[in-house]
Amino acid sequence: MALTEQARWMLDMVNRVGAPRFHEFSPEQARRSYRKLQLTFGFPPPEVGAEVGVEVGTVDTIFIPRPDGSSMEARLYRPVPGAPAGSGAHGALAPFLIFYHGGGWCVGDLDSYDTLCRKFANGSGAVVLAPHYRLAPEHPFPAAPDDALLAVSWARAHGHDFGLDAERIALGGDSAGGALAIVTALALRDGGGTQPRLLALAYPCTDINDAPYPSRARYDNGYFLDRETLEWFFTHFQGDPADWRASPMCAGRMDGLPPVLLVAAEYDPLVDEGAAFIARVAQAGGQTGHIVVPGMIHGFLSLGKLFPEAEPAVAEITARLGAALGTGR
């Protein structure tokens, strides 16, 4: 189908006002622009004038120590009171989703995805752990995938202190965060131990190579995630294109992964590489679900104020999370 009216309006607005693209900014300018975009068009708060997004049970800021003595900031979102047994209510150990925010490994933060994490928690009945991994170019590859794996290792070792069930974990993320979820699952598979119960992905970047995916050329200009912007992200990330931790499609094997749900956007330069990833997982015997939302552009999932299609997509993800983690929702 054609671009939706809202998607066309957004793209026309960007072109009409001559707004700079991310690749025309410095990293810090790009971060401010991305944060403004998310806070302007993200899911609205429950009432006019509310200072927070969707109300949850609690939100706690924690700090996950790194081996070098530094720490990674993260947030724990607990569902609204009255959650089903087994989801953290009444002192029970809670299943949880580790959600890695998007932003091309260079932009994005906890505030930008705050409301989306709240919706994931309330909709699934699971706790959401959102780590703020190190960003490039100040912290180039492999800082981001190292932090992504650290979040899981920490949660398994210390999550019980926060009421988290180390045996009931899901991984999720959008765009670059989706890539981090994939590479973390691959690392966990190769390292042994219990795999997460679900990979919940939104339009992940699975290949930083100059690969011949038709959608990369079809939507290379004028569809929000321009070719120059992708190259800007890849250059700052400094990932080795042959390393599966930067390009999951370079992994030699796709067997042994958790069930995968991938939500994609029709008008996204990354849509074909997402489909290629799903095909490889399915060919390796994995369980897959693949939803391409018609008329949508990259990044729509977190922009619920602008795109009504975001709400049912989030509902589908949270329903799958609830089923996989056994929350009863």
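Numbering of residues begins from 1 in every chain and follows the order in which that chain's sequence is written. Thresholds applied to this predicted model are a pLDDT of at least 70 for local features of residues and 80 or more for the giving and counting of side-chain atom pairs; totals over whole chains, interfaces and linings are not thresholded and use all residues. Calculated side-chain values reflect all of the structure's heavy atoms, with hydrogen atoms and water omitted.

**What about the overall build of the protein chain?**
Every helix listed is a DSSP run of H or I at least four residues long, and every strand listed is a run of E at least two residues long, numbered separately from the N terminus. Per the secondary structure count, the protein chain includes 9 helices and 8 strands. Dimensions of the protein chain, computed from C-alpha atoms along their principal axes, come out at roughly 55 × 50 × 40 Å. Considering only residue pairs separated by 6 or more positions, the protein chain has 78% of its internal contacts joining residues 24 or more positions apart. Within the protein chain, the 37 negative side-chain charges are centred at a point lying 2 Å from the centre of the 26 positive side-chain charges. Residue contacts are defined here by distance: any two heavy atoms, one from each residue, within 4.5 Å place the two residues in contact. Note that His is not counted, nor are the chain ends; the positive residues are Lys and Arg, and the negative ones are Asp and Glu. A charged residue contributes its charge at one atom only: NZ of Lys, CZ of Arg, CG of Asp or CD of Glu.

**Comments concerning the packing of aromatic side chains**
Aromatic rings from Phe, Tyr and Trp, with only the six-membered ring used for Trp, were paired whenever their centres fell within 6.5 Å, and each pair was classed as stacked if the ring planes differed by under 30 degrees, edge-to-face if by over 60, and tilted otherwise. Scanning the model with the defined rule gives 15 aromatic pairs in all. Between the aromatic rings of Tyr223 and Tyr267, the centroid separation amounts to 5.8 Å while the plane-to-plane angle is 10°, which identifies the pairing as stacked. Note that Tyr223 is positioned in the loop between α6 (214-218) and α7 (227-237) and Tyr267 in strand β7 (residues 260-267), a separation of 44 residues in sequence. Tyr267 shares its class with Tyr223; the two are buried. An aromatic cluster of at least three residues, connected via ring pairs, comprises Phe22, Tyr34, Phe99, Tyr113, Phe120, Trp232 and Phe233. Two conditions define a charge located above a ring, namely a distance within 6 Å from the ring centre to NZ of Lys or CZ of Arg, and an angle within 35 degrees of the ring normal. One Lys or Arg, Lys119, reaches over the ring of Phe43 and ends 4.7 Å from the middle of that ring. Type-normalised accessible area, obtained with a 1.4 Å probe on protein chains alone, sets the label of each residue: buried when under 20%, exposed when over 50%, and partly exposed for intermediate values.

**What about helix α1 (residues 5-17)?**
With 13 residues, α1 extends 18 Å from end C-alpha to end C-alpha; this agrees with the ideal 18 Å at 1.5 Å per step. Turning to α1, its buried residues are Ala7, Met10, Leu11 and Val14. In a view along the axis of α1, the buried residues occupy a sector of 90°, so they form one face of it. Across from the buried face of α1, at angles greater than 90 degrees, the exposed residues are Glu5, Arg16 and Val17. Where α1 is buried, its residues meet α2 (27-41) and β8 (288-297). Gly18 sits one or two positions beyond α1 and adopts a positive phi of about 65°. To estimate how far a helix should extend, the number of its residues minus one is multiplied by 1.5 Å. Directions are taken from the helix axis to each C-beta atom, and the arc is the one they span.

**Digging into the side chain of Arg216**
Tracing the backbone shows Arg216 in helix α6. Residue class for Arg216 comes out buried when judged on its relative accessible area of 13%. N or O atoms within 3.5 Å of each other form a polar contact, as long as, within protein, one can give a hydrogen and the other can take it, and as long as residues adjacent in sequence are counted only when both atoms are side-chain atoms. One polar contact links the side chain of Arg216 to the main-chain carbonyl oxygen of Asn209, over a distance of 3.2 Å. Within the structure, the side chain of Arg216 is placed 2.8 Å from the side chain of Glu273, a separation counted as a polar contact. Not counting residues within four places of it along the chain, the set of residues in contact with Arg216 comprises Asp207, Asn209, Ala211, Leu230, Phe234, Pro269, Leu270 and Glu273.

**Some thoughts on the nonpolar core**
One finds Ile98, Tyr100, Trp105, Leu171, Phe277 and Phe300 to be the most contacted residues of the largest nonpolar core, which totals 109 residues. It is helix α5 (residues 176-191) that provides the largest number of residues to this core, a total of 9 residues. Sequence-distant contacts of Ile98, defined by excluding residues within four places in its chain, comprise Leu129, Pro131, Ala151, Val152, Ala155, Ile169, Ala170, Leu171 and Gly172. In plain words, nonpolar cores are sets of buried Ala, Val, Leu, Ile, Met, Phe, Trp, Tyr and Cys residues tied together by side-chain atoms within 4.5 Å.

**Some remarks on the pairing of strand β3 (residues 94-100)**
A large share of β3 lies buried, amounting to 7 of its 7 residues. Any two strands with at least two DSSP bridges between them are considered paired. Pairing analysis gives 3 bridges linking β3 to strand β4 (residues 127-131), with the strands arranged parallel. Following the sheet pairing, Ile98 is matched in β4 by Leu129.

**Things to note about the confidence of the model for the protein chain**
Here the protein chain shows a mean pLDDT of 92. Residues at 70 or above account for 94%. pLDDT expresses how confident the predictor is about each individual residue, on a scale running from 0 to 100. Taken together, the stretch residues 47-53 has pLDDT below 50 and engages in 9 contacts with residues farther than four places along the chain or on a different chain. The model gives residues 83-90 a pLDDT under 50, and that stretch makes 20 contacts with residues more than four places away or in other chains.

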